[in-house]
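Analysis of the macromolecular model
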Amino acid sequence: MPDRVHLDMVVFETTDACNQSCKFCYNHFKSQQGFIMAAPDFSLAKKSLQTLLQQAEVSSISFSGGEPLLVPRLFDLILKARFAGSNVHLLTNGTLLTDDTIGYCRDLGVEMIQIPILAPDAELHDSITGLAGSWQRAVATARKIARWDSSRLIPVFVLSALNISYVLPTLELYRDLDVKHIMFNRFNVGGLGIQHWKALRLTTQQLQDTFAAASRFLVENNMVANSGVCSPICILDPKHYPGIRFALCNTDVSHRPITVNYRGDVRYCNHSPRVLGNIHREPLSQILTQATASGYFDSVPDVCAQCSLWSRCRGGCRAASEQLYGRFDLADPILNG
C-alpha cells in the first residue's frame, strides 16, 4: 500500500460538461481541435474520488468542472469527501442549484459556494456566459445562499475588457448580498478564452487602475477579495491593493491547488494543461515525487532573469503561457498585454 500524501487543497473536476460557454473559460481541453464534451460519468468520478481519498489526506476539496451540478448524485461524492475529513467547496455557475440542493449543501456542511456574477445586469452577464437567463438564476441562487448564511457565499468577478466598466456596480451588488469575502480575478488566458483573448485582455494600466478602484471599495465597505490568479508582481504589486489578497505560484506541490479530474488525471493546478500521471495507474505519492524531481519550475523566463521579485513571483501564471504558447519557460502572457 503506497504512502498517503497530505495535500492542503485539491480541485476535483467532476465533469467536462457545462451548460454555459463562458468566453473566459480556461478549461484547457476546450482549446483542443475537435473537442467533444463528454457526458457526465458519475461512476468514473466516484471511482476516481475514492482512489484519491485512499491515496491522500486532503484538507480541502473544491468540486469543480465543467459544471459539477450536471453530475448525477454529486452530493454522494461530497458526502464521501466529508466522511474522509475534507472541507468542501463547491465551484458552480449557480444556474442549477435548487432549494433542495442548497439544503444538501447546508446538511453536508459545504464550507463555501463560489458563484460567478460578472455584471450588475443580465444582458452583459449572459453575453459573457453564452446562456440566456444565467444572470437571473445565478443572482437568485446567490440571494438564497446569502439568506441561509452569507459567509458561505463567495461571488466571483472575472475582470476582462468586456466588463471593466461595470466593476463598482457589480461590487455594490455583492455588498447588498451581505457578503464579506469575494473572488476578484483578472481574465487569465486558456481554454475557450484563447479564442477570445484579444477581446478580453486588458492593458497594464487598466489592470492597475481597476484593481486600485476595487481595493478602495472593498476597504471602505469592510470587504476582502481573494485574487486567485497568480499575477506578476511587476504588474500587480499586492502592497498597492490592501483590500485584495493575491495568490502566488507555490512550487511546493503539497501546497498547490493540485487538480484531479474524474478520469484520475493529475495536474499541477486547474489552469495547467500538463498531465503528471493518473492515479488509477500509479500512486499519487509517486506522481507527485516525480513532479517535484522533474525540475519543471526551475526554468526562468528571459524577461524575469534579472528581476529581484522572481523568488516570490515566479513569472505569474506560466500555466497560461503553456496553454497559449505551448511553453512553460515563458512568463505570464499578461506581460505581453
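Being a predicted model, the structure only gives us computed values, none of them experimental. Here the residue index of a chain counts from 1 through its sequence in written order. Since the coordinates come from a predicted model, pLDDT governs what is reported: local features require at least 70, and pairs of side-chain atoms require 80 or more to be given and counted, while whole-chain, interface and lining totals use all residues. For the side-chain quantities, the full set of heavy atoms in the structure was used; hydrogens and water were omitted.

Our focus in this paragraph is the overall build of the protein. A run of DSSP states H or I qualifies as a helix once it reaches four residues; a run of E qualifies as a strand once it reaches two. Both are numbered from the N-terminal end. When its secondary structure is counted, the protein shows 11 helices and 11 strands. As defined in this context, the radius of gyration uses C-alpha atoms, and a globule is described by 2.2 Å times the residue total to the power 0.38. The C-alpha atoms of the protein give 19 Å as radius of gyration, which agrees with the globular expectation for 337 residues (20 Å, within 12%). Taking the principal axes of its C-alpha atoms as reference, the protein extends roughly 55 × 55 × 40 Å. The buried label goes to any residue with under 20% of its type's maximum accessible area, the exposed label to any with over 50%, and the partly exposed label to all in between, with areas taken from a 1.4 Å probe on protein chains only. Across the 337 residues that make up the protein, the buried fraction comes to 54%. Areas reported as accessible are Shrake-Rupley estimates using a 1.4 Å probe. Residue values count occlusion only from the protein chains shown. Carbon together with sulfur atoms contributes 49% to the accessible area of the protein, which is approximately 14400 Å² in total. Here the positive residues are Lys and Arg and the negative ones are Asp and Glu; neither His nor the chain ends is included. Here the site of a charge means atom NZ of a Lys, CZ of an Arg, CG of an Asp or CD of a Glu. One finds the centroid of the 31 positive side-chain charges in the protein at a distance of 1 Å from the centroid of its 30 negative side-chain charges.

Each pair of strands is called paired provided DSSP finds at least two bridges between the two strands. The mixed open sheet is built from 11 strands, whose spatial order is S8-S7-S6-S5-S4-S3-S2-S1-S9-S10-S11. Each having just a single partner strand, strand S8 (244-246) and strand S11 (275-278) make up the two edges of the open sheet. When strand polarity is set aside, the average angle formed by the axes of neighbouring strands in this sheet is 25°. Here strand S1 (residues 5-13) pairs with strand S2 (residues 56-64) via eight bridges, running parallel. Paired with Glu 13 across the two strands is Ser 64, which belongs to S2. Each axis is a line fitted through C-alpha atoms, taken for helices only over the stretch in contact, and angles between the N-to-C directions span 0 to 180 degrees.

On to the pairing of S1, then. Here S1 runs beside strand S9 (residues 257-261); their pairing, made up of five bridges, is parallel. Residue pairing across strands places Phe 12 opposite Val 260, the latter belonging to S9.

With 14 residues, helix H1 (residues 42-55) ought to run about 20 Å at 1.5 Å a step, and its terminal C-alpha atoms sit 20 Å apart, in line with that. Those residues of H1 that sit buried are Phe 42, Ala 45, Ser 48, Leu 49, Thr 51, Leu 52, Leu 53 and Gln 55. Here, residues are in contact when the closest pair of their heavy atoms is within 4.5 Å. In the core, the buried residues of H1 are packed alongside S1, S2, helix H2 (74-83), S9 and helix H9 (284-293). Of the residues flanking the start of H1, the one acting as N-cap is Asp 41, its side-chain oxygen 3.3 Å from the backbone nitrogen of Ser 43. To estimate how far a helix should reach, multiply one less than its number of residues by 1.5 Å. We define a polar contact as two N or O atoms separated by no more than 3.5 Å, with the added condition that, inside protein, one atom must be a possible hydrogen donor and the other a possible acceptor, whereas residues neighbouring each other in sequence contribute only through side-chain atom pairs.

Quick look at the environment of Arg 318 now. Tracing the backbone shows Arg 318 in helix H11 (residues 318-325). Under the relative-accessibility criterion, Arg 318 is labelled buried at 3%. For the pair Arg 318 and Pro 120, spaced 198 residues apart in sequence, the C-alpha separation works out to 31 Å. Once you skip the residues sitting within four places of it in the chain, Arg 318 turns out to touch Phe 297, Ser 299, Pro 301, Trp 310, Arg 327, Phe 328, Asp 329, Leu 330, Ala 331 and Asp 332. Of the polar contacts made by the side chain of Arg 318, one reaches the backbone oxygen of Ser 299; its length is 2.9 Å.

Under the pairing criterion, centres of Phe, Tyr and Trp rings, with the six-membered ring standing for Trp, must be within 6.5 Å; the plane angle then separates stacked pairs below 30 degrees from edge-to-face pairs above 60, leaving the rest tilted. Inspection of every chain in the model, using the stated rule, returns 12 aromatic pairs. Centre to centre, the rings of Tyr 296 and Phe 328 are 4.1 Å apart; their planes meet at 25°, and the pair counts as stacked. One end of the pair, Tyr 296, is in the loop between H9 and helix H10 (310-313); the other, Phe 328, is in the segment after H11, with 32 residues separating them in the sequence. Residue Tyr 296 shares its accessibility class with Phe 328, and that shared class is buried. A relative accessible area of 12% places Phe 328 in the buried class.

Attention now goes to empty space enclosed by the protein. Note on definitions: the grid is 1 Å and covers protein atoms alone; a cavity is a set of points where a 1.4 Å probe fits but cannot get out; a pocket is an open set with protein on both sides within 12 Å along at least five of seven lines; lining residues have an atom within 4 Å of a point. Grid points are joined across faces, edges and corners, and a volume is the space filled by probe spheres set on the points. Taken as a whole and judged by the stated rule, the model has one cavity of 30 Å³ or more. Taken as a whole, the largest cavity spans an internal volume of roughly 130 Å³. Forming the walls of the largest cavity are 14 residues, and the residues nearest its centre are Arg 186, Phe 187, Trp 197, Arg 201 and Ile 334. Following the grouping adopted for this structure description, the nonpolar residues are Ala, Val, Leu, Ile, Met, Phe, Trp, Tyr, Cys and Pro, the charged ones are Asp, Glu, Lys and Arg, and the polar ones are all others, Gly among them. Tallied by class, the residues present in the lining of the largest cavity amount to nine nonpolar, two polar and three charged.

A separate point is the packing of H2 against helix H3 (residues 99-108). Between H2 and H3, whose axes approach to 11 Å, the crossing angle comes to 10°. As far as their axial angle goes, H3 and H2 are roughly parallel. Contacts from Phe 75, Ile 78, Leu 79 and Arg 82 of H2 reach H3 at Thr 101, Tyr 104, Cys 105 and Leu 108. Residues of the contact of H2 with H3, tallied by class, amount to six nonpolar, one polar and one charged. Each angle is binned into one of four classes, with values under 35 degrees roughly parallel, values over 145 roughly antiparallel, values of 65 to 115 roughly perpendicular, and all other values oblique.

If you check which residues of H9 are buried, you get Leu 284, Ser 285, Ile 287, Leu 288 and Ala 291. Taken down its axis, H9 places every buried residue within 160° of arc, on the same side. Pointing more than 90 degrees away from the buried face of H9 are the exposed residues Thr 289 and Ala 293. Tucked inside the fold, the buried residues of H9 contact S1, H1, S2, S9, strand S10 (265-267) and S11. Positive phi appears at Gly 295, one or two residues downstream of H9, with a value of about 75°. The arc refers to the directions leading from the helix axis to the C-beta atoms.

As a further point, take the nonpolar core. Only buried residues count toward a nonpolar core, which is a set of Ala, Val, Leu, Ile, Met, Phe, Trp, Tyr and Cys residues joined through side-chain atoms within 4.5 Å. Within the largest apolar cluster, 80 residues are counted, with the highest numbers of intra-cluster contacts made by Phe 63 and Phe 184. Beyond its immediate chain neighbours, meaning those up to four positions away, Phe 184 contacts Phe 157, Leu 159, Val 167, Thr 210, Phe 211, Ala 214, Ala 225, Asn 226, Ser 227 and Ile 244. With 20 residues, the next largest nonpolar core counts Cys 22, Ile 128, Leu 192 and Ala 320 among its residues.

Function cannot be read off these values alone, since they describe shape.
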